[in-house]
Amino acid sequence: KHSAFCLILRKNMLPKLRLRQLGCRLGGLPAFASGRRVSASFSSAVYEVKSQRLQTATRIEQLEKDAEIGGGHARIDKQHQKGKLTARERLDVLLDDGSFREFDKLKTHRCVDFGMQDNQFPGDGVVTGSGRINGRPVMVFSQDFTVFGGSLSETHAEKICKIMDKAMTLGVPVIGLNDSGGARIHEGMDSLAGYAEVFKRNVLASGAVPQISLIMGPCAGGAVYSPAMTDFVMMVRDTSYLFVTGPEVVKTVTREEVTQEELGGASVHTSTSGVAHRDFENDIEALLSTRSLFDYLPLSFRDEVPIMETADPSDRLCPALRRVIPEDSNVPYDIKGVIEQVVDEGTMFEIMPKYAKNIVTGFARMGGRTVGIVANQPKELAGVLDIDAS
């Protein structure tokens, strides 16, 4: 009973004692000051706290606005003049309306060399977070070329690593929208160490969750290695490039003059090197096609492939297949015509259509379920298997 009485006493008396003490500290009032004066001092303190909170909220609101315009309106206009979308505009196209939840929006770099402490941008050149594509969850990052050319700093890498870690924990795919000039040279080894962390996670995520990379600008150096390790690489014609080092360095070392397109353009990587799987006319086409590819993929190795409703009956007949193969074995035919007859609604998402044309690969659906397609193409090299096809 004595303990309970003491507890009740403390609950009732301590707030009053603290109120009197607060009045003494704020107003220099004697301990026996009237309750009215203590109350006035307390109200003044409350007003001061509310004022500070309002100032903080206003400052955060301004920082969020700064984060949303990236490097500023002038640089955004230059991005648009090149026919490119900004980092946030790309996410608006890729993800379902209103589904994006951003992480670390106000994070900035920690570099103090070369005057970088006076050159801060909230978000540090990359927009990261979670969202949904046709109702299914996905983790995304979108590099912002208007901020330091999309270059990767230590904190920039930390933001990317964070969403990759979350993707593996939750078992959802990762989509990266790459538009980066490579490592941020101001940070030296810290930037390169950041790339090492990203590469490590590319390896850990391989086979666990789907990884899709969209190359949406000139990517050089370290910005090339990570996409090359992902499952699917998409490029945009005339505006995206992938090369370890640029034309100027090649000219200095080998005295050979090459253009960006010849060195690492979409046509080179989709038809010659095989690094990229598809190329598209513009950003919007690339992003919408990525949404289509996403629908064919499971969320992770733990999940089944998605099943989509279809009006195409699985037991329908295909009379055209009786006439598809010519009587003369020397006459080629198009295997894609066979595939279109067999799969749901005659639709297939082809992978690497410009590379090793003697083999056809892609995703389609049968009975609403995703299936992988691998088919020899008699129209090209009689459908033989060679190194590129393999």
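Predicted model, so just to flag it, every value in this text is computed and none were measured.

Undergrad: Account for the overall build of the chain, with residues named and values stated.
TA: Counting its secondary structure elements, the chain contains 12 helices and 12 strands. The buried share of the chain, taken over its 390 residues, is 43%. In the chain, the share of contacts with a sequence separation of at least 24, taken over all contacts with a separation of at least 6, comes to 64%. Carbon and sulfur atoms make up 55% of the accessible area of the chain, which totals about 21,500 Å².

Undergrad: Can you lay out the side chain of Ser 240 for me, pointing to particular residues and giving the numbers?
TA: When you line up the elements, Ser 240 lands in the loop between strand E7 (232-236) and strand E8 (241-243). From its side chain, Ser 240 meets the backbone oxygen of Ile 215 in a polar contact 3.4 Å long. There is a polar contact of 2.6 Å between the side chain of Ser 240 and the backbone oxygen of Val 236. If we skip the residues at most four places from it in the chain, Ser 240 touches Ile 215, Met 216, Gly 217, Met 235, Gly 264, Gly 265 and Ala 266.

Undergrad: Describe helix H6 (residues 189-205), with residues and values.
TA: If you check H6, its first and last C-alpha atoms are 24 Å apart, about what 17 residues at 1.5 Å a residue would give, namely 24 Å. Regarding H6, the residues found buried are Ser 191, Gly 194, Tyr 195, Val 198, Arg 201, Asn 202 and Ala 205. Taken end-on, H6 shows its buried residues confined to a sector of 120°, consistent with a single buried face. Along H6, the residues that are exposed and aim more than 90 degrees away from the buried face are Met 189, Val 203 and Leu 204. Within two residues after H6, Gly 207 carries a phi angle of roughly 85°, on the positive side.

Undergrad: Outline the environment of Thr 108, supporting the account with residue identities and numerical values.
TA: Mapped onto the fold, Thr 108 is located in the loop between strand E1 (101-103) and strand E2 (126-133). For Thr 108, a relative accessible area of 28% gives the class partly exposed. Taking the C-alpha atoms as reference points, Thr 108 and Ser 153, separated by 45 residues in sequence, lie 9.6 Å from one another. Filtering out sequence-adjacent residues up to four positions away, Thr 108 remains in contact with Gln 120, Phe 121, Pro 122, Asp 124 and Thr 155. Of note is the side chain of Thr 108, whose polar atom sits 3.4 Å from the side chain of Gln 120.

Undergrad: Account for the packing of helix H4 (residues 87-94) against helix H11 (residues 283-296), naming residues and giving values.
TA: When two helices pack together, their arrangement is given by the angle between the helix axes and the distance between those axes. Contact pair H4 / H11: the axes reach a minimum separation of 9 Å and the direction vectors enclose 40°. Classified by the angle their axes make, H4 and H11 are oblique. Remark: the crossing between H4 and H11 carries right-handed chirality. The residues of H11 that touch H4, namely those facing Arg 90, Val 93 and Leu 94, are Asp 283, Leu 287, Leu 288, Thr 290 and Arg 291.

Undergrad: An account of the nonpolar core is requested, with residue identities and associated values reported.
TA: Counting 33 residues, the largest nonpolar core has Leu 94, Ile 175, Leu 177, Leu 214, Phe 232 and Leu 293 as its most contacted members. It is H11 that provides the largest number of residues to this core, a total of 5 residues. Discounting chain neighbours no more than four positions away, the residues touching Leu 214 are Ile 175, Gly 176, Leu 177, Asn 178, Met 234, Ala 286, Leu 287 and Thr 290. By size, the runner-up hydrophobic cluster in this structure holds 24 residues, among which are Met 139, Ala 157, Ala 167 and Val 233.

Undergrad: Pulling in residues and values, what's your account of the pairing of strand E11 (residues 359-366)?
TA: By the criterion of burial, E11 is predominantly enclosed, with 6 of the 8 residues buried. Where strand E10 (residues 348-351) meets E11, 4 bridges bridge the pair, whose relative direction is antiparallel. By the bridge assignment for E11, Ile 351 is matched with Thr 361. Between the antiparallel neighbours E11 and strand E12 (residues 369-376) lie 2 residues, among them Gly 367 with a positive phi of about 60°.

Undergrad: Before we move on, could you go through the sheet that holds E12 and cite the residues and values that matter?
TA: Pairing is antiparallel across the open sheet formed by 3 strands, whose spatial order is E10-E11-E12. The open sheet terminates on both sides in strands that have one partner only, identified here as E10 and E12. Between one strand and the next, the sheet's axes are offset by a mean angle of 25°, whatever the strand orientation. Pairing of E11 with E12, which is carried by 8 bridges, proceeds in the antiparallel orientation. Residue Val 360 lies in a different strand from E12, and its bridge partner there is Ala 375.

Undergrad: I'd like to hear about the packing of aromatic side chains, residue by residue, with values.
TA: Considering all chains together, one arrives at 7 aromatic pairs under this definition. Residues Tyr 195 and Phe 199 carry aromatic rings whose centres are separated by 5.7 Å and whose planes lie at 20° to one another, so their mutual orientation is stacked. Of this pair, Tyr 195 and Phe 199 both sit in helix H6, separated by 4 residues, roughly a single helical turn. Among the residues examined, Tyr 195 registers a relative accessible area of 5% and is labelled buried. Where Tyr 296 meets Phe 363, the ring centres are 6.2 Å apart and the plane angle is 25°; that geometry is what we call stacked. Pair noted here: Tyr 296 is in helix H11 and Phe 363 is in strand E11, with a separation of 67 residues, a long-range link. The buried category is assigned to Tyr 296, whose relative accessible area is 6%. According to the relative accessible area criterion, Phe 363 is buried, its value standing at 18%. One aromatic cluster in this structure is built from Phe 232, Tyr 296, Phe 349 and Phe 363. In this structure, Lys 166 is placed above the aromatic ring of Phe 103, and the distance from its NZ or CZ to the ring centre is 5.8 Å.

Conventions adopted
- Residues numbered from 1 in each chain as written.
- Predicted model: local features only at pLDDT ≥ 70, side-chain atom pairs only at ≥ 80, totals over all residues.
- Heavy atoms only, no water.
- Helix = DSSP H or I, 4+ residues; strand = E, 2+ residues; numbered from the N terminus.
- Buried < 20%, exposed > 50% of the residue type's maximum accessible area, 1.4 Å probe, protein only.
- Contact = heavy atoms within 4.5 Å.
- Areas by Shrake-Rupley, 256 points an atom, 1.4 Å probe, with all protein chains shown as cover.
- Polar contact = N/O pair within 3.5 Å; in protein donor to acceptor, adjacent residues only side chain to side chain.
- Expected span 1.5 Å × (residues − 1).
- Arc of directions from axis to C-beta.
- Axes fitted to C-alpha atoms, helices over the stretch in contact; angles between N-to-C directions.
- Parallel < 35°, antiparallel > 145°, perpendicular 65-115°, else oblique.
- Left-handed = near helix turned anticlockwise from the far one by under 90°.
- Core = buried A, V, L, I, M, F, W, Y, C linked by side-chain atoms within 4.5 Å.
- Pairing = 2+ DSSP bridges.
- Phe/Tyr/Trp six-rings, centres within 6.5 Å; stacked < 30°, edge-to-face > 60°.
- Lys NZ or Arg CZ within 6 Å of the ring centre and 35° of its normal.

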